[in-house]
Amino acid sequence: MKVVSNTAVSLDGRINTRERRFTFFGSARDHARMSRLRAEADAVLVGGATFRNWPHPALPDEVDRPRLKTRPWNVVVSRSLDVPLAPSFLAEPAIRPLFVTRAAAVEPGFPAAVEAWAGDGDVPVGWILERLAARGVERLLVEAGGDLLFQFLAADAIDEMHVTLCPMVVGGAAPTLADGAGFDRDDVRRLRLIASEVEGDEVFLHYRNVRGGTA
Ligand SMILES: NC(=O)c1ccc[n+]([C@@H]2O[C@H](COP(=O)([O-])OP(=O)(O)OC[C@H]3O[C@@H](n4cnc5c(N)ncnc54)[C@H](OP(=O)(O)O)[C@@H]3O)[C@@H](O)[C@H]2O)c1
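Described below are features of the structure shown in this document. (Residues numbered from 1 in each chain as written. Predicted model: local features only at pLDDT ≥ 70, side-chain atom pairs only at ≥ 80, totals over all residues.)

This part covers the overall build of the protein. If you tally the helices and strands in the protein, you get five helices and nine strands. Listing each helix as α and each strand as β along the protein from the N terminus yields β-α-β-α-β-α-β-β-α-β-α-β-β-β. Here the C-alpha radius of gyration of the protein, 17 Å, is about what a compact globule of 215 residues would show, namely 17 Å. Oriented by its inertia axes, the alpha-carbon framework of the protein measures out at about 50 × 40 × 35 Å. Expressed as a percentage of the 215 residues in the protein, the buried residues total 32%. (Helix = DSSP H or I, 4+ residues; strand = E, 2+ residues; numbered from the N terminus. Rg over C-alpha atoms; globule rule 2.2 N^0.38 Å. Buried ≥ 20, exposed ≤ 12 C-beta atoms within 10 Å, placed from the backbone.)

Structure below.
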């Protein structure tokens, strides 16, 4: 499975403001790129925090939808499963909703497809990818925040990263591209630049993950 991430960051690497309400960092150009990436994916994955901020189908714009190979999975990864379950998401015919969580969090009668991890602790990234592959996912787009994206990077599960550098500074304790425990000098994740484009005040960066560490 190919795993690609897409994130809009401020100049200081933040992905939201300090109050963490739903915000768009990117411009209409960034949105158009996001739409094209969604059209290439069999599944779009977010974490519970990102979904609570924007609990809607993750679909390409109408103009890009003919490029979809399949009705895309919209995957929400949550420890608590304390997420909005609106009909506008669950009953949207253009997507296949899927929740990935701990078995203990699933109440009987949960109204959507679930992959439930029966082991201890957090749901491991490798297991998530196995379950998605079993559902036919060949190309996964990760639109998660820094909590989950750090875990994907730590598991060496990201092949390519799209990062839009947006002309703003946030500061403070706002979430970043990759949060979690962080990496040490010896295991910091390294990337190779495949493409870059400047459009207006934004810089669109496309990186390939360099496994084994030497860029
Ligand atoms: N600028 C951008 O491109 C961009 C992109 C994505 C998100 N954001 C913003 O970033 C902020 C969210 O940041 P975040 O890092 O908290 O988001 P996140 O990684 O998308 O979501 C974190 C949540 O994912 C679930 N989770 C994480 N690891 C898990 C695991 N191993 N097993 C099971 N569940 C797991 C938990 O959900 P529960 O709490 O439900 O248990 C956790 O609270 C939001 O404000 C969002 O709007 C911005």
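What follows concerns the environment of I95. Among the structural elements, I95 can be located in the loop between α3 (87-90) and β4 (96-102). Its 19 C-beta neighbours within 10 Å are what place I95 among the partly exposed residues. Considered as a pair, I95 and P72 are 23 residues apart in the sequence and their alpha carbons are 5.2 Å apart. Aside from chain neighbours lying at most four places away, what touches I95 is P57, L59, R71, P72 and N74. (Contact = placed C-beta atoms within 7 Å.)

So, about the sheet that holds strand β7 (residues 160-165). Spatial strand order, β5-β4-β3-β2-β6-β1-β7-β9-β8: nine strands in an open sheet with mixed pairing. The strands lining the two open edges of the sheet, one partner per strand, are β5 (113-117) and β8 (190-199). The average angle at which neighbouring strand axes cross in this sheet is 20 degrees, direction not considered. On the sheet, helix α1 (residues 28-40) packs against β1 (2-9), β2 (43-47), β6 (139-142), β7, β8 and β9 (202-210) and is oriented at approximately 165 degrees with respect to β1. (Pairing = 2+ DSSP bridges. Axes fitted to C-alpha atoms, helices over the stretch in contact; angles between N-to-C directions.)

Glancing now at the site of the ligand. Of all residues adjacent to the ligand, which total 30 residues, the nearest are G47, G48, A49, G145 and L148. Across the shell around the ligand, the residue classes tally to 12 nonpolar, 11 polar and seven charged. (Near = placed C-beta within 6 Å. Nonpolar A, V, L, I, M, F, W, Y, C, P; charged D, E, K, R; others polar.)

The values are spatial; any link to function lies outside them.
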